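Commentary on secondary and tertiary structure
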Amino acid sequence: RLPPTGTLRTAGCDVAFPSQTVRPPPAPFPPQMGEFLDPLAEYNEEEEEKKYYRRKRLGVIKNVVAASVGAMIVYGVYMGLLQMQFILHYDTTYREVKYSSLGLEDIDKKMLMGINVTPIIGLLYTPVLIRFLGTKWMMFLASGIYALFVSTNYWERYYTLVPSAVAIGVAIVPFWASLGNYITRMAQQYYEYMNYKQEHVQEQKKLPKGACHPYIIVFQSISHIIFNLSFVFAELPTLVVLNPQLLQSSHILYNVKKCGADVQGMIPGFNDTVLLTLPHSMVLIEVESVLMGFAFLSMIIFLGLCGAAYRPTEEIDLRSIGWGNIFQLPFKHLRDYRLRLLCPFFIYSGFETAFAIFGISMSYGVCVLGLDNLWLLVAAYGLSTSIFSSLSLCLLRLPRWAGLAGSAVIHGVLLVALLAFSPPPRDPTYQGALLSIIVLWGMGSALNKSGLSIVLGMLYGEEKERLDFVYTIYHWWQAIGIFIVYLWSNFPMRVSLLAGLTHRLCYYGNQGAFLLMQRVFQLEPSLTKPDSQVKPGLNPELGLIKYPSDQEC
């Protein structure tokens with residue numbers, strides 16, 4: 001081995017060799033590569049954690065907006081197609097020319113029966129479906145059923161329209177219960193992402209009482225603001241396709257003698273012929289294709305943009321109490337005095353929406369202004385409910401019953417006014433008064449609907465394992481309210497008005513009883529538990545895993 005410098009002495013001679021050159025130190029990495037490769041680069045863990053949970057919160061807001069927009073599209077397509085279909089099928093000329101021997105009028109009655117009667121059994125299967133499929137997938141499946149209803153209108157026959165209408169009735173309660181549950185769960189998740197450093201959040205314990213109430217109020221208000229625009233978009237097919245084909249109001253309302261509170265049934269004397277010319281079949285196919293496209297768009301929104309409502313472990317825990325208990329728990333939840341006192345409000349929420357469309361818009365609006373102004377009345381109602389749903393944000397400062405109380409006052413005054421209001425038919429001078437009535441009714445509807453969803457979320461916001469049962473009960477009673485309106489559609493208008501007014505007067509008694517039980521008697525709600533057949537190692541109240549203590553072991 002040679003030394004670095006010097007000479008090498010061998011036998012008889014000295015051999016010189018050049019000194020070894022010293023290599024220069026390696027050049028430093030470029031700045032960008034150094035930041036990437038240097039293990040000692042600055043890394044702010046707290047800042048990265050804040051960015052992560054900020055993205056999570058933005059994802060929650062995206063989920064709320066996407067679910068609301070998807071529901072708005074679904075119901076806008078559904079109501080728009082249904083309205084256009086009923087106007088076409090009502091016209092005698094259209095039935096005789098295109099479907100002379102089919103009996104479209106009888107098919108429409110069967111469809112209405114399927115849509116309004118089937119939800120009565122919704123309490124039996126809704127919780128099982130939601131917990132089996134999950135909240136997000138239940139909304140996706142229900143939107144697919146609505147898309148199926150749209151597709152059956154390409155071939156209008158008894159065996160296509162009636163079964164699809166029954167399927168719509170089956171999907172109504174699960175869809176609404178899933179949507180209400182989803183929005184409330186997003187509020188809970190937003191609270192968890194805002195307070196991710198709290199001990200009860202990290203350990204996934206029960207949330208403190210009232211912790212997520214502000215987020216429930218904001219998210220439910222946003223959801224109702226967006227969804228109620230469906231009434232506006234539902235009028236576009238009728239406005240674009242059928243309104244230019246309608247006869248004049250003087251012909252359609254020629255035999256109508258009275259309107260408003262004096263009416264019995266929908267509109268006595270309404271002409272059987274309402275179309276001046278029949279729309280071309282290709283035009284109807286194009287409209288249905290556009291609606292079908294929007295129905296598929298709503299399915300894509302639910303599937304691609306809406307995140308999961310529960311963690312996978314939470315979904316397993318929710319199912320772990322057993323399917324028999326899941327089936328029974330909606331009925332046992334009625335032992336909770338809070339739900340029993342809110343049942344009249346649930347029924348009225350179905351009544352007031354159906355009455356706005358079939359009562360005020362038809363027996364008052366169309367009877368006086370004509371069928372060509374139906375779109376204006378319904379659009380005004382939808383725009384009013386959308387705008388005034390923002391008033392629910394006042395519950396951030398006001399008591400939670402303020403929205404329901406405001407709705408009771410507005411609707412009570414309007415019902416008394418409608419009892420005494422019987423305008424003459426074919427008189428356009430009442431347009432301003434009717435629009436004012438429908439806008440004020442929409443204001444009351446907005447306060448009632450959003451107020452009920454917020455109250456339920458605030459009462460059960462900390463109990464995520466009960467949300468699907470609670471919203472199922474709410475929308476089941478709501479469907480029963482719509483069914484009651486369907487039953488008395490041929491009754492005198494004053495009977496409907498008196499029934500609604502009596503219901504509004506019951507509000508004060510129920511609200512007083514609710515406050516009395518909570519504040520005076522300090523009564524705790526009777527929360528239900530599965531009675532038997534609970535799997536070992538499970539908490540029967542929450543359905544979550546309960547690990548045994550050392551003594552139990």
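Every chain is numbered independently, its residues counted from 1 as its sequence is written. Note on the predicted model: pLDDT of at least 70 is required for a residue's local features to be given, and 80 or more for side-chain atom pairs to be given and counted; whole-chain, interface and lining totals, by contrast, use all residues. The basis for every side-chain value is the complete set of non-hydrogen atoms in the structure, without hydrogens or water.

**Structural notes on helix α16 (residues 337-369)**
Secondary structure elements follow DSSP: runs of H or I no shorter than four residues count as helices, runs of E no shorter than two count as strands, and numbering proceeds from the N terminus. To estimate the expected span of a helix, count its residues, drop one, and scale the result by 1.5 Å. For α16, built from 33 residues, the straight-helix expectation of 48 Å at 1.5 Å per residue is met to within 8% by its first-to-last C-alpha distance of 46 Å. Note that bend, as reported per residue, equals the angle between axes fitted to the 7 residues terminating at that residue and the 7 residues originating from it. Bending of α16 peaks at approximately 45 degrees at the position of Ser361. Note on classification: 1.4 Å probe, protein chains only; a residue is buried when its accessible area is under 20% of the maximum for its type, exposed when over 50%, partly exposed between these limits. Of all 33 residues that make up α16, 28 are buried, and the element is covered over most of its length. Of the residues one or two after α16, Gly370 is the one with positive phi, at around 105 degrees.

**Considering the confidence of the model for the chain**
A score from 0 to 100, pLDDT tells how confident the predictor is in each residue. In the predicted model, the chain carries a mean pLDDT of 81, and 83% of its residues have values of at least 70. Here residues 526-553 is a poorly scored stretch, pLDDT under 50, and it has 42 contacts once near neighbours within four places are set aside; other chains count. In what follows, a contact means two residues having at least one pair of non-hydrogen atoms within 4.5 Å.

**Considering the layout of surface pockets**
By volume, the second largest pocket is sized at about 300 Å³. Sorting the residues of the lining of the second largest pocket by element identifies α2 (45-90), α11 (236-242) and α13 (281-305) as the ones contributing at least two each. Considered class by class, the residues forming the lining of the second largest pocket number 12 nonpolar, 1 polar and no charged. Of the grid points, spaced at 1 Å and generated over the protein atoms alone, those admitting a 1.4 Å probe that cannot get out make up cavities, while open sets with protein on both sides within 12 Å along at least five of seven lines make up pockets; any residue with an atom within 4 Å of a point is treated as lining. Grid points are joined across faces, edges and corners, and a volume is the space filled by probe spheres set on the points. Classification used: nonpolar for Ala, Val, Leu, Ile, Met, Phe, Trp, Tyr, Cys and Pro, charged for Asp, Glu, Lys and Arg, polar for all others including Gly.

**A look at the packing of helix α7 (residues 158-194) against helix α20 (residues 467-487)**
In this analysis, axes come from line fits to C-alpha atoms, helices being fitted only over the stretch in contact, and the angle between any two N-to-C directions falls in the range 0 to 180 degrees. The N-to-C vectors of α7 and α20 enclose an angle of 140 degrees; their axes lie 8 Å apart at closest approach. Relative to α20, the element α7 lies oblique. Between α7 and α20 the crossing geometry is right-handed. Every residue of α20 that contacts α7 at Val173, Trp176, Ala177, Gly180, Asn181, Thr184, Arg185 and Gln188 is listed here: Leu467, Asp468, Tyr471, Thr472, His475, Trp476 and Ala479. Tallied by class, the residues present in the contact of α7 with α20 amount to 7 nonpolar, 6 polar and 2 charged. Put simply, angles under 35 degrees are roughly parallel, angles over 145 are roughly antiparallel, angles from 65 to 115 are roughly perpendicular, and the rest are oblique. In this scheme the crossing of two helices becomes right-handed for a clockwise turn of the near helix relative to the far one and left-handed for an anticlockwise turn of less than a right angle.

**Here's the deal with the packing of aromatic side chains**
Paired rings are identified among Phe, Tyr and Trp, the last through its six-membered ring, by centres lying within 6.5 Å, and are further divided according to the angle between planes into stacked (under 30 degrees), edge-to-face (over 60) and tilted (the rest). Applying the stated rule across the entire model yields 29 aromatic pairs. Considering the side-chain rings of Trp176 and Phe227, the 4.9 Å spacing of their centres and the 85 degrees angle between planes classify their relative orientation as edge-to-face. Taken as a pair, Trp176 in helix α7 and Phe227 in helix α9 (residues 213-227) lie far apart in primary sequence, 51 residues in all. The buried category is assigned to Phe227, whose relative accessible area is 9%. Three or more aromatic residues joined by ring pairs form one cluster here, namely Tyr75, Tyr78, Tyr146, Phe149, Phe175, Trp176, Phe227 and Phe302. If you follow Lys136 out to its NZ or CZ, it ends over the ring of Trp137, 5.7 Å from the centre. Only when the NZ atom of a Lys or the CZ atom of an Arg is both within 6 Å of the ring centre and within 35 degrees of the ring normal do we say a charge sits over the ring. Over the ring of Tyr460 we find Arg338, and its NZ or CZ is 4.3 Å from the ring centre.

**Some remarks on a nonpolar patch on the surface**
The patches reported here contain residues having more than 30% relative accessible area and no salt bridge. Joining distances are 9 Å for like charges and 5 Å for nonpolar side chains (Val, Leu, Ile, Met, Phe, Trp, Tyr). Note on areas: these come from Shrake-Rupley sampling with a 1.4 Å probe, and a residue is covered only by the protein chains present in the view. Salt-bridge detection follows one rule: a side-chain nitrogen of Lys or Arg within 4 Å of a carboxyl oxygen of Asp or Glu. Taken together, Met113, Val117, Ile120, Ile121, Leu124, Phe327 and Phe331 make up a surface patch of nonpolar side chains, about 560 Å² in accessible area. Secondary structure elements with two or more residues in the nonpolar patch: α4 (104-117) and α15 (323-332). Its relative accessible area of 31% is what places Ile120 among the partly exposed residues.

**Focus on the state of the cysteines**
Note on terminology: pairs of cysteine sulfur atoms within 2.5 Å are recorded as disulfides. Scanning the entire structure with this criterion turns up 1 disulfide. Covalently, Cys259 is tied to Cys367 through a disulfide, its sulfur atoms 1.8 Å apart. Across the S-S bond of Cys259 and Cys367 the torsion is about -75 degrees, and the bridge reads as left-handed. Here Cys259 is found in the loop between α12 (249-252) and α13, whereas its partner Cys367 is found in helix α16, with 108 residues between them in sequence. Relative accessible area serves as the criterion here: at 1%, Cys259 is assigned to the buried category.

**Some details on helix α19 (residues 431-460)**
Look at α19: 43 Å from first C-alpha to last across 30 residues, which is about the 44 Å you get at 1.5 Å a residue. Judged by how many residues are buried, α19 sits mostly within the fold: 23 of 30 residues are covered.

**Here's the deal with the environment of Val117**
When you line up the elements, Val117 lands in helix α4. C-alpha of Val117 to C-alpha of Ile480: the two residues are 363 residues apart in sequence and 8.4 Å apart in space. In contact with Val117, other than residues within four places in its own chain, are Phe483 and Tyr486.

**Focus on unusual backbone geometry**
Unlike most non-glycine residues, Arg426 shows phi in positive territory, near 55 degrees. Counting through the fold element by element, Arg426 comes out in the loop between α18 (402-419) and α19. What makes Arg426 partly exposed here is its relative accessible area of 38%.

**With respect to a positive patch on the surface**
Together, Lys50, Lys51, Arg54 and Arg55 give the surface a local cluster of positive charge. Its location among the elements puts Lys50 in helix α2. Here Asp and Glu are counted as negative and Lys and Arg as positive; His is not counted, and neither are the chain ends. Positions of charges follow a simple convention, taking NZ of Lys, CZ of Arg, CG of Asp or CD of Glu.

**With respect to the environment of Gln85**
Tracing the sequence through the fold places Gln85 in helix α2. Linking Gln85 and Asp108, residues 23 residues apart in sequence, is a C-alpha distance of 8.9 Å. Once residues lying within four places of it in the same chain are set aside, the contact partners of Gln85 are Met111, Phe149, Asn153, Glu156 and Leu161.

**Regarding the pattern of salt bridges**
Under the definition given, this model contains 5 salt bridges. Residue Lys110 pairs with Asp106 through a salt bridge whose shortest N-O separation is 3.1 Å. Residue Lys110 and its partner Asp106 are located together in helix α4, separated by 4 residues, close to a single helical turn. Two residues, Asp468 and Arg131, come together in a salt bridge whose shortest N-O distance is 2.6 Å.

**Brief notes about the side chain of Thr92**
Position of Thr92 relative to the elements: it lies in helix α3 (residues 92-98). The exposure class of Thr92 is buried, given its relative accessible area of 18%. Residues contacting Thr92, with those up to four places away along its chain left out, are Asp272 and Thr273.

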